[in-house]
Amino acid sequence: MERVSLSLSLSLFLSVDDLLRSSPWPIPKYANGKTDWIPQIDWLINSLERTSSVGGVGRGDMADYMLGLNLDKDALGMPMKMPRSSKRQGETICKGHKNYDLMLNLQLGIRHSVGRPAPIASLDLKPSAFDPKEKVWTRFPSEGSKYTPPHQSGEFKWKDYCPLVFRTLRKLFKVDPADYMLSICGNDALRELSSPGKSGSFFYLTNDDRYMIKTMKKSEAKVLIRMLSAYYNHVRAFETTLVTKFYGLHCVKLTGPIQKKVRFIIMGNLFCSEYSIHRRFDLKGSILGRTTDKAESEIDETTILKDLDLNFVFRLQKSWFQEFCRQIDRDCEFLEQERIMDYSLLVGLHFRETSAAGDLIPSGSRTPTGGPENEVAPRLSRVDLDQLFLDPSRWSSIKLGVNMPARVERTIRRSDCEFQLVGEPTGEYYDVVMFFGIIDILQDYDISKKLEHAYKSIQYDSTSISAVDPKQYSKRFRDFIFNIFAEDEAEL
């Protein structure tokens, strides 16, 4: 095997093949026996070897490029500020909260469903497991029963939809049942996000941020059950899928005069990380209504920005970018086949370098702590590199859409173009850690969306609105995503 030596701040030299032998994950092989070098190695070599000038391009060169363009002059040359920090998301649901009893019901139901003894499930499920009639009702009287514990809230009924399928999905997603129950049903209360989403659904976060619980309409539950078999086959076939991970679908039915039903879907939280998420974008590729409704002074780290607020192009290392493009195509083809539209790519950014004044520091503009004056800092700090080599298991946490080291290039929109979807690149780069995934995948192109499309098409350009046919939506979404994501072409 050809040995590629990497010069480190450690007092020794490690070669790639030595490092791989000590790493905890298996190294895939091609049929001819050659090693299929994992993308982490490609990325690490780039991180070690790549150097860049300030912002990647000289400012004089950029001035020539910008001549003749009607760019936002106020934004040019202005340093980008670190987004305003915010307190922890959500309001803790304590006793006296209007949804306290509902939270207790949910936790009791989850504990019952997940803790119930069940045979070890094969990943090859029978078609009957996906039958819409495959559901289990359990009664929870306040005084308890043979199968349920006593509790402080009123009597309720609990429904599990397709329990074997979701149990197997949790196994497929490597979710430990004990950890799952502890996150949702432990002593720590859930947190309710401050306001419901556009759909009217409420969102709850577990205290450890690992899981998000969303109330859902009956129509959304029907869509998920209809497509559950195709969804299961898709996430099983493609481990790197970017579509939302679903862990359970349940319903609480309150007894008494109200007879209220509340349906829940339990999902993975894309932004559960040791890194702070400084910027969040919800991206569809449409224009109409695609800006935040908050004033600049009100925008903080938790604000969800939209397409026309986006001021970056995301640059991924070559092997990651190629895998990203393949997976976006696979996921969009799956959603198109299931007649799903109105989904988004949710993107989170953690900026790696800031000044004491709160300015974001572009790549390569950090002041070296020692050595020649013209020394340029690598994309990862030496501390980061040492940690990666001393603890190779940290590499395994870097996956497509999760904990991904990348660069973003700042863009500025032309002042003479009101709805410019992608701004002009400035050559100003920032080192980031990226998170992204496809969310809101339970809206099919039903009669309400067809009517919305017909109505808005009379008032606006039909290509600018979100509600379009799934085939058109998929094409527009992909075209946009492949415009704002690019291969990082900086030379080694």
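Rules and cut-offs
Residues numbered from 1 in each chain as written. Predicted model: local features only at pLDDT ≥ 70, side-chain atom pairs only at ≥ 80, totals over all residues. Heavy atoms only, no water. Axes fitted to C-alpha atoms, helices over the stretch in contact; angles between N-to-C directions. Helix = DSSP H or I, 4+ residues; strand = E, 2+ residues; numbered from the N terminus. Parallel < 35°, antiparallel > 145°, perpendicular 65-115°, else oblique. Left-handed = near helix turned anticlockwise from the far one by under 90°. Contact = heavy atoms within 4.5 Å. Nonpolar A, V, L, I, M, F, W, Y, C, P; charged D, E, K, R; others polar. Phe/Tyr/Trp six-rings, centres within 6.5 Å; stacked < 30°, edge-to-face > 60°. Lys NZ or Arg CZ within 6 Å of the ring centre and 35° of its normal. Pairing = 2+ DSSP bridges. Patch = residues over 30% accessible without salt bridge, like charges linked within 9 Å, V, L, I, M, F, W, Y side chains within 5 Å. Areas by Shrake-Rupley, 256 points an atom, 1.4 Å probe, with all protein chains shown as cover. Salt bridge = Lys/Arg side-chain N within 4 Å of Asp/Glu carboxyl O. Lys, Arg positive; Asp, Glu negative; His and termini not counted. Charge placed at Lys NZ, Arg CZ, Asp CG, Glu CD. Buried < 20%, exposed > 50% of the residue type's maximum accessible area, 1.4 Å probe, protein only. pLDDT = per-residue confidence, 0-100. Core = buried A, V, L, I, M, F, W, Y, C linked by side-chain atoms within 4.5 Å. Domains from an automatic or database assignment.

**Quick notes on the packing of helix 8 (residues 318–337) against helix 11 (residues 470–484)**
Then, in step 1: Close contact between helix 8 and helix 11 brings their axes to 9 Å; oriented N to C, the two are set at 165°. With respect to helix 11, the element helix 8 is oriented roughly antiparallel. As helix 8 runs across helix 11, the sense of the crossing is right-handed. Contacts between helix 8 and helix 11 involve Phe324, Cys325, Ile328, Asp329, Cys332, Glu333 and Glu336 on the former and, on the latter, Pro470, Lys471, Ser474, Phe477, Arg478, Ile481 and Phe482.
Then, in step 2: Looking at side-chain class alone, the contact of helix 8 with helix 11 contains eight nonpolar, one polar and five charged residues.

**A few points about the packing of aromatic side chains**
Then, in step 1: Summed over all chains, the structure comprises 16 aromatic pairs.
Then, in step 2: Look at tyrosine 211 and tyrosine 247: their rings are 5.4 Å apart centre to centre, the planes differ by 85°, and that puts the pair in the edge-to-face class. Pair noted here: tyrosine 211 is in strand 8 (residues 211–216) and tyrosine 247 is in strand 9 (residues 246–254), with a separation of 36 residues, a long-range link.
Then, in step 3: Clustering of aromatic rings is evident, with ring pairs tying together Phe173, Tyr180, Tyr211 and Tyr247.
Then, in step 4: The ring centre of tyrosine 429 lies 4.3 Å from the NZ or CZ of arginine 407, which sits over that ring.

**Some points on the sheet that holds strand 12 (residues 304–305)**
Then, in step 1: If you walk across this open sheet you meet the seven strands as 12-11-14-16-15-13-17, and the pairing is mixed. Strands at the two margins of the open sheet, each flanked by one partner only, are strand 12 and strand 17 (485–487).
Then, in step 2: Bridging between strand 11 (residues 279–283) and strand 14 (residues 344–351) involves five bridges; their strand directions are antiparallel. In the sheet register, phenylalanine 281 faces strand 14, and the bridge partner there is valine 347.

**Here's the deal with a negative patch on the surface**
Then, in step 1: A surface patch of negative charge is lined by Asp176, Asp179, Asp188 and Asp208.
Then, in step 2: Tracing the sequence through the fold places aspartate 179 in helix 6 (residues 177–185).
Then, in step 3: In this structure aspartate 179 comes out as partly exposed when scored by relative accessible area, which is 35%.

**Quick look at the confidence of the model for the chain**
Then, in step 1: Predicted confidence across the chain gives a mean pLDDT of 77, with 68% of residues reaching 70 or more.
Then, in step 2: The least confident element of the chain is strand 1 (residues 5–6), whose mean pLDDT is 36; the most confident is helix 8, at 96.
Then, in step 3: With pLDDT under 50 throughout, residues 1–38 is counted as low confidence; its partners more than four residues away or in other chains account for 53 contacts.
Then, in step 4: pLDDT under 50 marks residues 47–71. Its contacts with residues more than four places away, or in other chains, come to 54 contacts.

**Concerning the nonpolar core**
One recurring pattern in soluble globular proteins is that nonpolar side chains are buried together.
Then, in step 1: Of all hydrophobic cores here, the largest spans 104 residues; its most connected members are Phe314, Met434 and Phe485.
Then, in step 2: Here this core takes nine residues from helix 7 (residues 218–237), the largest share from any one element.
Then, in step 3: If you count residues domain by domain, this core takes at least three from each of domain 1 (91–268) and domain 2 (279–363 + 413–487).
Then, in step 4: Grouped together as the second largest cluster of nonpolar side chains are six residues, Phe271, Ile277, Leu346 and Phe435 included.

**Side note on the pairing of strand 11**
Then, in step 1: When you tally the buried positions in strand 11, you get five out of five residues, the bulk of the element.
Then, in step 2: Burial along strand 11 is two-sided: Arg279, Phe281 and Leu283 and Arg280 and Asp282, pointing in opposite directions, are all buried.
Then, in step 3: Strand direction decides the pairing type here: strand 11 and strand 12, joined by two bridges, are parallel. Note that in strand 12 the partner of arginine 280 across the bridge is isoleucine 304.

**Comments concerning the packing of helix 7 against helix 8**
Then, in step 1: In the contact formed by helix 7 and helix 8, the axes pass within 11 Å of each other and the chain directions differ by 165°. On the basis of the axis angle, helix 7 is roughly antiparallel to helix 8. Between helix 7 and helix 8 lies a crossing whose hand is right-handed. For the pair formed by helix 7 and helix 8, the contact residues are Met227, Ala230, Tyr231 and His234 on the first element and Gln327, Arg330, Asp331 and Phe334 on the second.
Then, in step 2: When its residues are assigned to classes, the contact of helix 7 with helix 8 shows four nonpolar, two polar and two charged.

**Comments concerning the environment of valine 422**
Then, in step 1: Positionally, valine 422 belongs in the loop between strand 15 (404–412) and strand 16 (424–439).
Then, in step 2: A residue is classified by how much of its surface remains accessible, and valine 422, at 25% relative accessible area, is partly exposed.
Then, in step 3: Each C-alpha atom of the pair valine 422 and leucine 310 lies 7.7 Å from the other, and the pair is 112 residues apart in sequence.
Then, in step 4: If near-sequence neighbours (up to four positions away) are discounted, valine 422 is found in contact with Phe480, Asn483 and Ile484.

**Quick notes on the sheet that holds strand 7 (residues 203–205)**
Two strands in a sheet stick together by hydrogen bonds in their backbones, pointing the same way (parallel) or opposite ways (antiparallel).
Then, in step 1: As summarised here, the arrangement of the eight strands in space is 3-6-7-8-10-9-5-4, forming an open sheet in which the pairing is antiparallel. The open sheet has two edge strands, strand 3 (91–92) and strand 4 (135–140), and neither has a second partner.
Then, in step 2: Note: strand 9 against strand 10 (residues 261–268), seven bridges, orientation antiparallel. Bridge pairing in strand 10 places cysteine 251 opposite arginine 263.
Then, in step 3: Strand contacts of helix 4 (residues 100–115): strand 4, strand 5 (156–161), strand 7, strand 8, strand 9 and strand 10, with the helix running at about 50° to strand 5, the strand carrying the most contacts.

**A word on unusual backbone geometry**
Then, in step 1: One non-glycine residue, arginine 339, adopts positive backbone phi at about 60°.
Then, in step 2: Looking at the secondary structure, you find arginine 339 in the loop between helix 8 and strand 14.
Then, in step 3: Given the relative accessible area of 38%, arginine 339 is considered partly exposed.
Then, in step 4: Phi angles above zero are rare outside glycine, and aspartate 440 is one such case at about 55°.
Then, in step 5: Inspection of the secondary structure puts aspartate 440 in the loop between strand 16 and helix 10 (447–459).

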